[in-house]
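# Breakdown of the fold
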Amino acid sequence: MAALRVYFCGSIRGGREDRAVYERIIHELGKFGTVLTEHIASPTLTDSGEDAAELGDRFIHDRDVQWLEAADVVVAEVSQPSLGVGYELGRAVAMNKKMLCLFRPSSGRVLSAMIRGAENGSSIRVRDYDPGEIEQLLLQYFTVTFPAL
Ligand SMILES: O=c1[nH]c(=O)n([C@H]2C[C@H](O)[C@@H](COP(=O)(O)O)O2)cc1CO
(Lines give C-alpha, C1' and ligand atoms only; values in the text may rest on other atoms or scores of the structure.)
Protein backbone atom coordinates (compact mmCIF):
# COMPACT_ATOMS: atom_id res chain seq x y z
CA MET A 1 0.00 0.00 0.00
CA ALA A 2 1.25 3.50 -0.83
CA ALA A 3 2.44 5.59 2.12
CA LEU A 4 -0.08 7.88 3.73
CA ARG A 5 0.37 11.44 2.47
CA VAL A 6 0.24 14.06 5.20
CA TYR A 7 -0.07 17.79 4.53
CA PHE A 8 1.28 19.67 7.54
CA CYS A 9 0.35 23.36 7.98
CA GLY A 10 2.32 25.81 10.12
CA SER A 11 2.93 29.53 10.14
CA ILE A 12 5.62 31.02 7.88
CA ARG A 13 4.92 34.67 7.10
CA GLY A 14 2.58 34.73 10.10
CA GLY A 15 5.70 34.37 12.31
CA ARG A 16 8.25 31.63 12.97
CA GLU A 17 8.14 31.53 16.79
CA ASP A 18 6.79 27.94 16.81
CA ARG A 19 9.22 26.49 14.26
CA ALA A 20 10.75 24.03 16.75
CA VAL A 21 7.28 22.69 17.59
CA TYR A 22 6.59 22.18 13.86
CA GLU A 23 9.84 20.21 13.63
CA ARG A 24 8.76 17.89 16.43
CA ILE A 25 5.32 17.35 14.92
CA ILE A 26 6.74 16.69 11.43
CA HIS A 27 9.23 14.22 12.93
CA GLU A 28 6.37 12.31 14.59
CA LEU A 29 4.19 12.49 11.46
CA GLY A 30 7.04 10.87 9.52
CA LYS A 31 6.37 7.66 11.51
CA PHE A 32 2.95 7.37 9.89
CA GLY A 33 3.49 8.59 6.36
CA THR A 34 5.15 11.01 3.97
CA VAL A 35 5.00 14.65 5.01
CA LEU A 36 4.54 16.69 1.82
CA THR A 37 5.41 20.03 3.47
CA GLU A 38 8.59 19.21 5.43
CA HIS A 39 10.03 22.63 4.47
CA ILE A 40 7.77 24.27 7.09
CA ALA A 41 10.19 23.12 9.83
CA SER A 42 13.31 24.37 8.07
CA PRO A 43 15.52 26.49 10.38
CA THR A 44 16.65 28.51 7.37
CA LEU A 45 13.08 29.43 6.38
CA THR A 46 12.31 32.89 7.82
CA ASP A 47 9.09 34.88 7.99
CA SER A 48 9.91 36.14 4.50
CA GLY A 49 8.81 32.71 3.29
CA GLU A 50 10.41 30.59 0.61
CA ASP A 51 12.40 32.59 -1.89
CA ALA A 52 9.48 34.20 -3.68
CA ALA A 53 11.86 35.94 -6.08
CA GLU A 54 13.02 32.54 -7.25
CA LEU A 55 9.83 30.51 -6.95
CA GLY A 56 7.11 33.17 -7.06
CA ASP A 57 4.09 33.30 -4.77
CA ARG A 58 1.87 31.82 -7.49
CA PHE A 59 4.19 28.82 -7.71
CA ILE A 60 4.08 28.36 -3.91
CA HIS A 61 0.28 28.67 -3.86
CA ASP A 62 -0.37 26.32 -6.77
CA ARG A 63 2.16 23.72 -5.55
CA ASP A 64 0.63 23.75 -2.06
CA VAL A 65 -2.95 23.44 -3.36
CA GLN A 66 -1.81 20.47 -5.47
CA TRP A 67 -0.20 18.88 -2.39
CA LEU A 68 -3.42 19.51 -0.44
CA GLU A 69 -5.39 17.74 -3.15
CA ALA A 70 -2.98 14.81 -3.02
CA ALA A 71 -3.06 14.56 0.79
CA ASP A 72 -4.88 11.83 2.71
CA VAL A 73 -4.94 13.94 5.86
CA VAL A 74 -4.17 17.52 6.89
CA VAL A 75 -2.50 18.22 10.24
CA ALA A 76 -2.12 21.85 11.34
CA GLU A 77 -0.42 23.56 14.27
CA VAL A 78 -2.69 26.57 14.75
CA SER A 79 -1.30 28.32 17.85
CA GLN A 80 0.51 30.99 15.80
CA PRO A 81 -2.14 32.79 13.72
CA SER A 82 -1.35 32.58 10.00
CA LEU A 83 -3.43 33.67 7.01
CA GLY A 84 -1.88 30.93 4.89
CA VAL A 85 -2.74 28.19 7.41
CA GLY A 86 -6.32 29.48 7.73
CA TYR A 87 -6.62 29.51 3.93
CA GLU A 88 -5.24 25.98 3.64
CA LEU A 89 -7.68 24.72 6.26
CA GLY A 90 -10.63 26.34 4.49
CA ARG A 91 -9.58 24.75 1.20
CA ALA A 92 -9.08 21.39 2.97
CA VAL A 93 -12.62 21.51 4.40
CA ALA A 94 -13.99 22.27 0.91
CA MET A 95 -12.06 19.22 -0.37
CA ASN A 96 -13.56 17.04 2.40
CA LYS A 97 -10.12 16.20 3.77
CA LYS A 98 -9.61 14.58 7.15
CA MET A 99 -8.15 17.27 9.36
CA LEU A 100 -6.48 17.51 12.76
CA CYS A 101 -5.82 20.98 14.21
CA LEU A 102 -3.48 21.26 17.20
CA PHE A 103 -3.60 24.25 19.55
CA ARG A 104 -1.43 25.01 22.61
CA PRO A 105 -3.46 26.86 25.28
CA SER A 106 -0.08 27.73 26.86
CA SER A 107 0.42 30.12 23.90
CA GLY A 108 -1.90 32.47 25.78
CA ARG A 109 -3.98 32.97 22.64
CA VAL A 110 -7.62 32.14 22.00
CA LEU A 111 -8.12 30.06 18.87
CA SER A 112 -10.29 31.53 16.10
CA ALA A 113 -13.92 30.40 16.25
CA MET A 114 -13.61 29.56 12.54
CA ILE A 115 -11.11 26.83 13.42
CA ARG A 116 -12.40 25.73 16.85
CA GLY A 117 -15.96 25.81 15.54
CA ALA A 118 -15.11 23.63 12.51
CA GLU A 119 -14.69 20.56 14.78
CA ASN A 120 -17.38 18.06 13.75
CA GLY A 121 -16.60 15.11 16.02
CA SER A 122 -15.40 12.97 13.12
CA SER A 123 -13.46 14.09 10.03
CA ILE A 124 -12.46 17.48 11.51
CA ARG A 125 -10.75 17.39 14.91
CA VAL A 126 -9.44 20.29 16.98
CA ARG A 127 -7.26 19.31 19.95
CA ASP A 128 -5.70 21.36 22.72
CA TYR A 129 -2.30 19.97 23.69
CA ASP A 130 0.94 20.51 25.59
CA PRO A 131 4.20 19.94 23.68
CA GLY A 132 4.94 16.88 25.86
CA GLU A 133 1.85 15.15 24.48
CA ILE A 134 2.71 15.33 20.77
CA GLU A 135 3.99 11.76 20.40
CA GLN A 136 1.08 10.13 22.26
CA LEU A 137 -1.53 12.35 20.67
CA LEU A 138 -0.42 11.58 17.10
CA LEU A 139 -0.06 7.88 17.86
CA GLN A 140 -3.65 7.87 19.14
CA TYR A 141 -4.86 9.83 16.11
CA PHE A 142 -3.20 7.66 13.47
CA THR A 143 -3.78 4.27 15.09
CA VAL A 144 -7.24 4.72 16.62
CA THR A 145 -9.12 7.81 15.43
CA PHE A 146 -7.97 8.18 11.83
CA PRO A 147 -8.49 4.57 10.67
CA ALA A 148 -12.06 4.71 11.99
CA LEU A 149 -12.96 7.89 10.08
O1 LIG B 1 6.81 30.38 1.52
C2 LIG B 1 5.76 29.79 1.81
N3 LIG B 1 5.64 28.44 1.61
C4 LIG B 1 4.53 27.73 1.96
O5 LIG B 1 4.48 26.51 1.74
N6 LIG B 1 3.48 28.40 2.59
C7 LIG B 1 2.29 27.65 3.03
C8 LIG B 1 2.57 26.50 3.97
C9 LIG B 1 2.13 26.96 5.35
O10 LIG B 1 1.29 25.96 5.96
C11 LIG B 1 1.37 28.24 5.13
C12 LIG B 1 1.92 29.41 5.92
O13 LIG B 1 1.24 30.59 5.58
P14 LIG B 1 1.78 32.04 6.05
O15 LIG B 1 3.06 32.31 5.32
O16 LIG B 1 0.66 32.98 5.68
O17 LIG B 1 2.01 31.96 7.55
O18 LIG B 1 1.42 28.53 3.73
C19 LIG B 1 3.55 29.76 2.77
C20 LIG B 1 4.65 30.48 2.41
C21 LIG B 1 4.78 31.95 2.64
O22 LIG B 1 3.54 32.59 2.75
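Residues numbered from 1 in each chain as written. Predicted model: local features only at pLDDT ≥ 70, side-chain atom pairs only at ≥ 80, totals over all residues. Heavy atoms only, no water.

Within strand 4 (residues 98–103), five of the six residues are buried, leaving the element largely enclosed by the surrounding structure. Note that the unit made of strand 3 (residues 73–77), helix 4 (residues 83–94) and strand 4 has a crossover that is right-handed. (Buried < 20%, exposed > 50% of the residue type's maximum accessible area, 1.4 Å probe, protein only. Helix = DSSP H or I, 4+ residues; strand = E, 2+ residues; numbered from the N terminus. Right-handed = clockwise from strand over helix to strand, strands pointing away.)

As a further point, take the UniProt feature "binding site: substrate" (unreviewed entry) in the protein chain. Following the UniProt record, the feature "binding site: substrate" (unreviewed entry) maps to Y7, F8, C9, G10, S11, I12, R13, Y22, E88, S112, A113 and M114 here. Lining residues of the largest pocket drawn from the annotated list: Y7, G10, I12, R13 and E88. Mapping R13 onto the fold places it in the loop between strand 1 (4–9) and helix 1 (19–29). A polar atom in the side chain of R13 sits 2.9 Å from the backbone oxygen of S48. Within the fold, E88 resides in helix 4. Classification of E88 by relative accessible area gives buried; the value is 12%. Not counting chain neighbours up to four residues away, the residues in contact with E88 comprise Y7, C9, D64 and L68. Among the polar contacts listed, one links the side chain of E88 to the side chain of Y7, at a separation of 2.7 Å. (UniProt positions renumbered as here; feature names shortened; annotations may be inferred. 1 Å grid on protein atoms, 1.4 Å probe; cavity = no way out; pocket = protein on both sides within 12 Å on 5 of 7 lines; lining within 4 Å. Polar contact = N/O pair within 3.5 Å; in protein donor to acceptor, adjacent residues only side chain to side chain. Contact = heavy atoms within 4.5 Å.)

Turning our eyes to something else, we now look at the sheet that holds strand 3. Read from one edge of the open sheet, five strands run 2-1-3-4-5, paired in parallel fashion. The outermost strands of the open sheet, each flanked by one partner alone, are strand 2 (33–35) and strand 5 (124–128). Looking at each pair of strands side by side, their axes are set apart by 20° on average, direction ignored. Sheet analysis places strand 1 next to strand 2, joined by three bridges and oriented parallel. What sits directly across from R5, in strand 2, is T34. Each of strand 1, strand 3, strand 4 and strand 5 is contacted by helix 6 (residues 134–148), which is oriented at about 155° to strand 4, the strand it contacts most. (Pairing = 2+ DSSP bridges. Axes fitted to C-alpha atoms, helices over the stretch in contact; angles between N-to-C directions.)

Here the focus is the site of the ligand. Within the structure, the ligand sits among 18 residues, and R13, E50, D64, S82 and E88 are positioned closest to it. Here G10 contributes a backbone N or O atom positioned 3.2 Å from an oxygen atom of the ligand. One of the backbone N or O atoms of G14 is found 3.0 Å from an oxygen atom in the ligand. Protein chains shield 91% of the accessible area of the ligand, which is 450 Å² for the free molecule. Assessed atom by atom at 2 Å from the grid points, the ligand resides in the largest pocket. Take the shell around the ligand: its biggest share by element is four residues, from helix 4. In terms of residue class, the shell around the ligand is made up of six nonpolar, seven polar and five charged. (Near = heavy atom within 4 Å. Areas by Shrake-Rupley, 256 points an atom, 1.4 Å probe, with all protein chains shown as cover. Sits in = over half its atoms within 2 Å of the grid points. Nonpolar A, V, L, I, M, F, W, Y, C, P; charged D, E, K, R; others polar.)

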